[in-house]
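Residue-level structural notes
Listed here are the chains, written in short residue letters.
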Amino acid sequence: MDIYKKLGIIFAVALAFLIFAGFYDSSPLTEKVIVLSVGIDLPESGEGFDVSYEVAQASMKAQGDSAGGSDGGNVIKGSGPTLSTALQDASEKAGKLVSLGQSSVIVIGEDYCRKANVAQVLSYFSLSDAFRDGTSVIACRGKAADLLSVKLPLGGYVGLVLENTVQHDGKKLGIPYVNVVDFTKMQLSEKQSSYLPLAEFVREPQSASGQPQTNGKPVGRFEIRKTMLFGGGRFLFEADKEFTENLVFMTESESFRTYVINDPLSNPAFTKKAAVGITEKKLSFGCRTEKDRAVLEVSVRLKVKRLRTDTDGNVSFFTAKSYGEISQLNKIEVQNKVKADVEGFYALLRKYDCDATGLWQTFYKKLGSEWTEFTATRSDWLEKMKTEVYVDVSN
């Protein structure tokens, strides 16, 4: 290689270094505030936004309202007439450079969910370059600021625990996982409703000294067993644990579910009940129209195995692999339970005219223009929809 090529390479590398150095933020971590989660609340006036940052720099002292300690993150609060001004207010109170790119979860308070338009606030985060597209979204009981200020028995940051629960453990626990992009996509179609998992903070049992607290923070755990459903970004209804589990069952390709069955062969010392779990699941849908209503055919194929722990928590002794098999009567028992769950799930969707699973799109993919013509004059198609459920259970 001649001298001119070498000089050219050196010049190109130096030029690239100078260019990219301008885009690289070389601020040390001690000069930054890392935001792990963002809370959104509706002010008492019913207008504007209250914003909360849960930050990772525990030793940082904010200029504005803050609460926290070594047992978790600090919470910095801001407010404003618009979401952008509220976020700016919180950032200014931090007193240091705020980094939002590490935010793992957005928590929306109960009042905001019930009284305001959730779609508008999440559209802001979806379009913002400051937040990751995969940021999880959760609704909460009470105020988001209060939820982000609690202490967990094993320590850690609230936002990271919530995000890990819904994103990584959701399929096992029957919790729907929704991120900013998911919610925005659901809102792109006026035909489809949307939903968010609902988190509640449960305090530890009260001691003789009063409510358990550490460094001024209440101590307890999270429960995410319910769901809030929205139409056009507006609150429709709050669903219970059973509906929430069925929602995950009907929308996720993989989901763990257990069913309690009668077990005449169980150990006489234990209960006459046993539990079976799903090892494989396949859903398929058929669509047609008849007269003045739509008909949804739901086919559920399951493979199940008997669990090695009975419903009372007594662990069985080691048994052969065949222990996982269940009788034909037990299969029928599981079939009936699954069928009742699925029928009840769609009955609730019809009751609230809530297309949470994208049924309109499902019919459109199957029927095409026939479906658009059918629904053009039938806005109540979901309320009148007939559901036919077929369940097959095997080992």
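Residues numbered from 1 in each chain as written. Predicted model: local features only at pLDDT ≥ 70, side-chain atom pairs only at ≥ 80, totals over all residues. Heavy atoms only, no water.

**Re the packing of helix H9 (residues 241-251) against helix H10 (residues 328-351)**
For the record, the criterion: Each axis is a line fitted through C-alpha atoms, and for a helix only the stretch in contact is used; angles between axes span 0 to 180 degrees, taken between their N-to-C directions. Where helices and strands are cited, they refer to DSSP runs of H or I of at least four residues and of E of at least two residues respectively, numbered from the N terminus. Here is the rule for angles: anything less than 35 degrees is roughly parallel, anything more than 145 is roughly antiparallel, 65 through 115 is roughly perpendicular, and the remaining ranges are oblique. For this analysis, residues touch if any pair of their heavy atoms sits within 4.5 Å.
At a closest axis distance of 10 Å, the pairing of H9 and H10 adopts a crossing angle of 100°. When the axes of H9 and H10 are compared, the pair comes out roughly perpendicular. Of the residues in H10, those in contact with Glu242, Phe243, Asn246, Leu247, Phe249 and Met250 of H9 are Val338, Asp341, Val342, Phe345, Tyr346, Leu348 and Leu349.

**Here's the deal with the confidence of the model for the chain**
So the rule is basically this: For every residue, the predictor assigns a confidence score, pLDDT, that lies between 0 and 100.
Averaged over all residues, the pLDDT of the chain is 79; the fraction at 70 or higher stands at 75%. Element-level pLDDT for the chain is lowest in strand E3 (residues 66-67), with a mean of 44, against a maximum mean of 95 in helix H3 (residues 110-115). Counting interchain partners and residues more than four positions distant, the pLDDT-below-50 stretch residues 20-26 has 2 contacts. Low pLDDT, under 50, characterises residues 310-322; the predicted model gives this stretch 19 contacts beyond four residues in sequence or across chains.

**Focus on the environment of lysine 185**
To keep things clear, this is the line we draw: Using a 1.4 Å probe on the protein chains alone, a residue whose accessible area is under 20% of its type maximum counts as buried, one over 50% counts as exposed, and one in between counts as partly exposed.
Note that lysine 185 resides in helix H8 (residues 180-188). Here lysine 185 falls in the exposed class, since its relative accessible area comes to 55%. On a C-alpha basis, the gap between lysine 185 and serine 123 in space is 9.9 Å, while along the polypeptide they are 62 residues apart.

**Focus on the nonpolar core**
Note the cut-off: Residues enter a nonpolar core if they are buried and are Ala, Val, Leu, Ile, Met, Phe, Trp, Tyr or Cys, with the set joined through side-chain atoms within 4.5 Å.
Of all hydrophobic cores here, the largest spans 79 residues; its most connected members are Ile40, Tyr53, Ile108, Phe125 and Tyr346. Grouped together as the second largest cluster of nonpolar side chains are 17 residues, Ala144, Leu148, Phe222 and Ile224 included.

**Topic: the packing of aromatic side chains**
Put simply, the rule is: Pairing of aromatic rings covers Phe, Tyr and Trp, the last counted by its six-membered ring, and requires centre-to-centre distances within 6.5 Å; plane angles under 30 degrees mean stacked, over 60 mean edge-to-face, and any other angle means tilted. Two conditions define a charge located above a ring, namely a distance within 6 Å from the ring centre to NZ of Lys or CZ of Arg, and an angle within 35 degrees of the ring normal.
Evaluation of the coordinates by the stated rule reveals 15 aromatic pairs. Their ring planes at 85° and their centres at 5.2 Å tell us that tryptophan 371 and tryptophan 381 sit as a pair that is edge-to-face. Note that tryptophan 371 is positioned in helix H12 (residues 369-376) and tryptophan 381 in the loop between H12 and strand E16 (386-394), a separation of 10 residues in sequence. Overall, tryptophan 371 belongs to the buried group, its relative accessible area being 0%. Ring-pair connections join several aromatic residues into one group, and the members of that group are Phe237, Phe243, Phe345, Tyr346 and Tyr352. The ring of phenylalanine 249 has arginine 257 lying over it, and the distance from NZ or CZ to the ring centre is 5.9 Å. The residue whose ring lies beneath arginine 378 is phenylalanine 374, and the NZ or CZ to ring-centre distance is 4.2 Å.

**Let's talk about the sheet that holds E16**
Across a sheet, strands are paired by hydrogen bonds formed along the backbone, either parallel or antiparallel in direction. Inclusion rule: Only strands that DSSP links by at least two bridges are regarded as paired with each other.
Read from one edge of the open sheet, 4 strands run E13-E14-E15-E16, paired in mixed fashion. Both outer strands of the open sheet, strand E13 (258-262) and E16, are each paired with one neighbouring strand and no more. Each neighbouring strand pair of the sheet contributes to a mean axis angle of 35°, computed without reference to strand direction. Bridging between strand E15 (residues 293-306) and E16 involves 9 bridges; their strand directions are parallel. Along E16, the bridge assignment pairs serine 299 with tyrosine 390. In the packing of H10 onto the sheet, contacts are made with E13, strand E14 (273-290), E15 and E16, and the angle to E16 comes to roughly 155°. Lying over the sheet, helix H11 (residues 359-367) contacts E14 and E15, oriented at roughly 55° with respect to E14.

**Digging into H11**
Applicable threshold: Arc definition: directions from the helix axis to the C-beta atoms.
Among all positions in H11, only Leu359, Trp360, Phe363 and Leu367 are buried. Buried residues of H11, seen end-on, are gathered within an arc of 105° and therefore sit on one face of the element. Packed against the buried residues of H11 are E14, E15, H10 and H12. After H11 finishes, the residue glycine 368 shows a positive phi value of roughly 65°.

**Some details on the pattern of salt bridges**
We count it as follows: Whenever Lys or Arg places a side-chain nitrogen within 4 Å of a carboxyl oxygen from Asp or Glu, that contact is recorded as a salt bridge.
A full pass over the atoms with the stated rule returns 21 salt bridges. Between aspartate 89 and lysine 93 there is a salt bridge, with the nearest N and O atoms lying 3.5 Å from each other. In this pair, aspartate 89 and lysine 93 are both assigned in helix H2 (residues 83-94), 4 residues apart and thus about one turn of the helix distant. Take lysine 93: its relative accessible area is 22%, and that puts it in the partly exposed class.

**A closer look at the environment of aspartate 353**
Structurally, aspartate 353 is set in the loop between H10 and H11. Take aspartate 353: its relative accessible area is 36%, and that puts it in the partly exposed class. Along the chain, aspartate 353 and leucine 382 lie 29 residues apart, while their C-alpha atoms are 6.0 Å from each other.

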